Number of protein chains: 2
Amino acid sequence: MEFKINSKVLEKLLSKIIPAVPVRTPMSILENFLFDIQDGSLTVYATDLEMSLISSINVAADDNIKMVLPAKLLYEIIRSLGDTLVHFKVESSSKIKLTTDNGEYDISYLPHDDFPIIPKVPVENETTIAGDDLRRAFEYTSFAIGKEDVRPAMTGMLFEFSDEGLKFITTDSHRLIKHINKNLKFDDNQQYVIPEKAISILLKLISHNDVKFYFSNSNALFKIDDITFISRLINDKYPAYNSVIPLVNENKLKLDAKEILASVKRMILFSIADNKQVRFSIETNDLEISAEDNERGSKAKEHLHCEYDGEPMEIGFNTIYLQEILNHIEDDEIIFKLHSSTKACIIVPSQPKENEDTMFLLMPIRLNN
Amino acid sequence: MEFKINSKVLEKLLSKIIPAVPVRTPMSILENFLFDIQDGSLTVYATDLEMSLISSINVAADDNIKMVLPAKLLYEIIRSLGDTLVHFKVESSSKIKLTTDNGEYDISYLPHDDFPIIPKVPVENETTIAGDDLRRAFEYTSFAIGKEDVRPAMTGMLFEFSDEGLKFITTDSHRLIKHINKNLKFDDNQQYVIPEKAISILLKLISHNDVKFYFSNSNALFKIDDITFISRLINDKYPAYNSVIPLVNENKLKLDAKEILASVKRMILFSIADNKQVRFSIETNDLEISAEDNERGSKAKEHLHCEYDGEPMEIGFNTIYLQEILNHIEDDEIIFKLHSSTKACIIVPSQPKENEDTMFLLMPIRLNN
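About the cut-offs
Residues numbered from 1 in each chain as written. Chains lettered and ligands numbered in written order. Predicted model: local features only at pLDDT ≥ 70, side-chain atom pairs only at ≥ 80, totals over all residues. Heavy atoms only, no water. Helix = DSSP H or I, 4+ residues; strand = E, 2+ residues; numbered from the N terminus. Buried < 20%, exposed > 50% of the residue type's maximum accessible area, 1.4 Å probe, protein only. Contact = heavy atoms within 4.5 Å. Areas by Shrake-Rupley, 256 points an atom, 1.4 Å probe, with all protein chains shown as cover. Lys, Arg positive; Asp, Glu negative; His and termini not counted. Charge placed at Lys NZ, Arg CZ, Asp CG, Glu CD. Pairing = 2+ DSSP bridges. Axes fitted to C-alpha atoms, helices over the stretch in contact; angles between N-to-C directions. Parallel < 35°, antiparallel > 145°, perpendicular 65-115°, else oblique. Left-handed = near helix turned anticlockwise from the far one by under 90°. Nonpolar A, V, L, I, M, F, W, Y, C, P; charged D, E, K, R; others polar. Least-squares fit on C-alpha atoms with pLDDT ≥ 70 in both. Buried area = accessible area lost by both parts, 1.4 Å probe. Salt bridge = Lys/Arg side-chain N within 4 Å of Asp/Glu carboxyl O. Polar contact = N/O pair within 3.5 Å; in protein donor to acceptor, adjacent residues only side chain to side chain. pLDDT = per-residue confidence, 0-100. Arc of directions from axis to C-beta.

(A) Spotlight on the overall build of chain A. Helix and strand counts for chain A stand at six helices and 26 strands. Across its three principal directions, the C-alpha atoms of chain A cover 80 × 50 × 35 Å. Taken over 369 residues, chain A has a buried fraction of 54%. Considering only residue pairs separated by 6 or more positions, chain A has 66% of its internal contacts joining residues 24 or more positions apart. Working note: accessible area of chain A is about 17,400 Å², and carbon and sulfur atoms make up 46% of it. Across chain A, the 41 positively charged side chains and the 58 negatively charged ones have centroids separated by 2 Å.

(B) Representation of the pairing of strand β20 (residues 286–293) of chain A. All names here are of chain A. The pairing of strand β19 (residues 277–283) with β20 spans five bridges and is antiparallel. Its bridge partner lying in β20, E283 is registered against D286. Once β19 ends, the chain turns through two residues before running back antiparallel as β20, passing N285 with a positive phi of about 60°. Bridge count for β20 against strand β21 (residues 298–304) is seven bridges, and the pairing is antiparallel. Its bridge partner lying in β21, E292 is registered against K299. Taking the residues that link successive antiparallel strands as the turn, the β20-β21 hairpin has four residues, and the phi of G297 there is positive, at about 65°.

(C) Quick look at the packing of helix α1 (residues 7–17) of chain B against helix α2 (residues 71–80) of chain B. Residue and element names in this part refer to chain B. One can describe the packing of α1 onto α2 by two numbers: an axis separation of 9 Å at closest approach and a directional angle of 140°. Judged by the angle between their axes, α1 and α2 are oblique. Helix-helix and strand crossings are classified by hand; for α1 and α2 the assignment is left-handed. Residues S7, L10, E11, L14 and S15 of α1 form the contact with α2, whose participating residues are L74, Y75, I78 and R79. Here the residues of the contact of α1 with α2 sort into five nonpolar, two polar and two charged.

(D) Spotlight on the relation of the copies chain B and chain A. For the match of chain B to chain A, the screw axis carries a shift of 0.0 Å, the RMSD comes to 0.0 Å, and the turn is 180°. Here the copies are linked by what is in effect a two-fold axis. When the interface residues of chain B are mapped onto chain A, 100% of them again lie at the interface, so the same face is used by both copies.

(E) Expanded view of the sheet that holds strand β16 (residues 219–224) of chain B. Residues and elements named next belong to chain B. Spatial ordering of the open sheet is given by β6-β2-β3-β4-β17-β16-β15-β10, a layout of eight strands whose pairing is antiparallel. Every interior strand has two partners, whereas the edge strands, β6 (65–70) and β10 (127–129), have only one. Neighbour-to-neighbour, the strand axes of this sheet turn through a mean angle of 20°, independent of strand direction. Strand direction decides the pairing type here: strand β2 (residues 32–38) and β6, joined by six bridges, are antiparallel. The partner of F35 across the bridge, within β6, is M67. On the sheet, α2 packs against β2 and β6 and is oriented at approximately 85° with respect to β6. Against the sheet, helix α3 (residues 131–141) touches β10, β15 (211–215) and β16, its axis set at about 85° to β10.

(F) Geometry of the interface of chain B and chain A. Across the boundary between the two partners, chain B contributes 24 residues, which contact 24 residues of chain A. Here chain B and chain A share an interface that buries about 2,200 Å² over both sides, 54% of which is from carbon and sulfur atoms. Here chain B and chain A share zero salt bridges between them. At the junction of chain B and chain A, the tally comes to 16 residue pairs in polar contact (both at pLDDT 80 or more). Counting only elements with at least two residues in the side of chain B that touches chain A, the list comes to α2, β9 (103–108), α5 (257–270) and β21 (298–304) of chain B. Bridge analysis of β21(A) against β9(B) gives four bridges, and the strand direction is antiparallel. The residue bridging E302(A) from the neighbouring strand is G103(B), located in β9(B).

(G) Here's a closer look at the environment of V23(A). Residue and element names in this part refer to chain A. Here V23 is to be found in the loop between α1 (7–17) and β2 (32–38). On the basis of relative accessible area, V23 is assigned to the exposed category, the value being 78%. Taking the C-alpha atoms as reference, V23 lies 30 Å from I320; in sequence the two are 297 residues apart.

(H) Representation of unusual backbone geometry within the structure. Notably, S173(A) is not glycine yet its phi reads approximately 80°, a positive angle. Checked against the element boundaries, S173(A) lands in the loop between β12 (166–171) and β13 (175–181).

(I) Molecular detail of the packing of helix α5 (residues 257–270) of chain A against α2(B). Relative orientation of the contacting elements α5(A) and α2(B) amounts to 170°, with a least axis distance of 10 Å. One finds that α5(A) runs roughly antiparallel with respect to α2(B). Here R266(A), L269(A) and F270(A) of α5(A) lie close against α2(B), whose contacting residues are L73(B), E76(B), I77(B) and S80(B). Taken together, the residues that form the contact of α5(A) with α2(B) break down as four nonpolar, one polar and two charged.

(J) Examining the pattern of salt bridges more closely. Scanning the model with the defined rule gives 38 salt bridges over all chains in all. Residues D293(A) and R296(A) are paired through a salt bridge, measuring 3.1 Å at the closest nitrogen-oxygen approach. Between R232(B) and E50(B) there is a salt bridge; the shortest N-O distance is 2.5 Å. Here E50(B) lies in the loop between β3 (41–47) and β4 (51–58) and R232(B) lies in strand β17 (residues 227–232), a separation of 182 residues in the sequence. Residues joined in a network through salt bridges with shared partners are K97(A), E104(A) and D106(A).

(K) Representation of the confidence of the model for chain A in the model. Residues and elements named next belong to chain A. The predicted model of chain A averages 94 in pLDDT, with 99% of residues at 70 or higher. The least confident element of chain A, judged by mean pLDDT, is strand β22 (residues 307–309) at 90; the most confident is β12 at 98. Listed scores for the predicted complex are pTM 0.89 and ipTM 0.87.

(L) Here's a closer look at α1(B). Residues and elements named next belong to chain B. Buried within α1 we find S7, L10, E11, L13, L14 and I17. All buried residues of α1 fall inside an arc of 165° around its axis, so they share one side. Of the residues flanking the start of α1, the one acting as N-cap is N6, its side-chain oxygen 2.8 Å from the backbone nitrogen of K8.

(M) Examining the sheet that holds strand β16 (residues 219–224) of chain A more closely. Residues and elements named next belong to chain A. Pairing in this open sheet of eight strands is antiparallel, and the strands run β6-β2-β3-β4-β17-β16-β15-β10 from one edge to the other. A strand with exactly one partner marks an edge of an open sheet, and here the two such strands are β6 (65–70) and β10 (127–129). Across the sheet, the mean angle from the axis of one strand to that of its neighbour is 20°, orientation sign disregarded. Both strand β4 (residues 51–58) and strand β17 (residues 227–232) contribute to a ladder of five bridges, which runs antiparallel. If you follow S52 over to β17, its bridge partner there is I230. Across the sheet, α1 touches β2, β3 (41–47), β4 and β17, and the angle it forms with β4 is around 165°. On the sheet, helix α2 (residues 71–80) packs against β2 and β6 and is oriented at approximately 85° with respect to β6.

This is how it looks when you write it as structure tokens:
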């Protein structure tokens, strides 16, 4: 059994599939690719049982075969060959020989029976979204996915199909981010929670092209260019996040986005290690931002120009959480919507993109004085 | 006591001095800069006791003062301020206030008495070398500096002043590298051993401009642009390296540099973890390179075109050591000078730069079978 393929072409394919190969696993079979050659088409599979990547390509083959090949070794060899034709030849039930103009490389392979079965997701109820829109939704929201699995759903991203649009929700209980894509509207309200790791893999795969996706009860399937990505869903109900979002935050503080971000970055240098507190003292047209590190005997105070429509107020935030939110807003101006020093603050870009809505909810921290 | 300085100017100065500040140290005083303001000149010092960095700059100051300021905090603050005038004002015997247009930053400082004394090196017997020549000498040789301190001298780089030129020598007992700069010749033969860490700091500081340097019995001093760098020398006699270098290796193997490097990189993928052996089977105009990983049941064999003037020979090398040497040769062609499978191999670029001489000595390993 023989087939031929260009090394650059195979490298490109394998580079897209290898992210699903686990780096460390007690199940050594997962460290392999499944190669399935049928009727002149090579399909490569990789899975870590949580998620799977699949892609196909045409090859010049004289027969059909399924075999399990060491993923990292094969990828590294193919990558090291530059641009050349590689001739694969099955030599025995466990050996395959790769031949190029100057070299011969023998690799062991395993029978395919032990390779895990990849979950099937029916290709129905298709949703299509522009690659750039999906990337932006992930970039806005993914950083606030929870790290602790006390509530498993919070370690993933909620996809909510609704008549308002497709909603992307994340929260780690200190912050909650809601991004709505209003180009897509749905009659049926449906909720699916995708694990964080799947989101980070998807972020690497998404191009400018359209992405199609499908959900079953237990899995999501994404088609991105010539790649199929399947991820298990988190089997846990997402928290009722709407009850956390304040309906009216009447005090509005408008700030220059670059200025406030630069200021908060400086405050991080002065906020004590275990507290990381920055204080906003807000008056009409003046925001005083301050932080103090009692242990090192240092402190900082800055005045920023602002537009503020409301009562004078003092409110404290975690500098790191605030910085992360500000880092993710590309607008020139940012609006903080406030109610009181103990109630959730809503941060929004002053001019959201058309057909999009993004809000960052940040819980204040109690000021210590 | 007050002084003013532009933040960008101070940032540039501090960025060059901060490499001498240790990241972790039981002596917390070393985590600081010494600021010495005298007659309108600010000199900043940092040291980890092994090496020191010093630089000066003019400032608008109304008095003289010495003070010890937290290095990382100060550097991060100055860096975060963008481009602005910073007004430093001493507020008490332990507090200094930095003021900009929008902000005020209070920092604690320490008295200067506890700051270590920086070693003095007499500025005599000056040597001047082009920055690019010194960089190249370090880049050729520094990777082979020994990691184990059984012989302390081998954890440094030998500077040898001789009538042949200025010699730069490193060895880790598996490899020995000798680089000679023949532009500089000396009547007195002198040897100084500089620690590896000092070399890596110097590599970051060297520009295209000339470097001046001076040695005392215990320290080296380098002047690079407006920076002074002082390093302790290693107080241990360097091994008599000349006795290791074979006088005649009569068999010469000439190879294309890119081809042999690419081939060796592939062999690394196939050489077993604890042996890392690559086999050269050399005949006239043909080099067979091979490696074998018995544990994973994989092996590789390649044929490279070569020019070989000598008896057919088999010789084994450590793939990693060989790759590191080949990585450091920029020529189009490389010559391996061989005697037998158990004797040191000499690797040289086929066309060395004018007034330079570089050789890489690599010990072979015993072929297992």
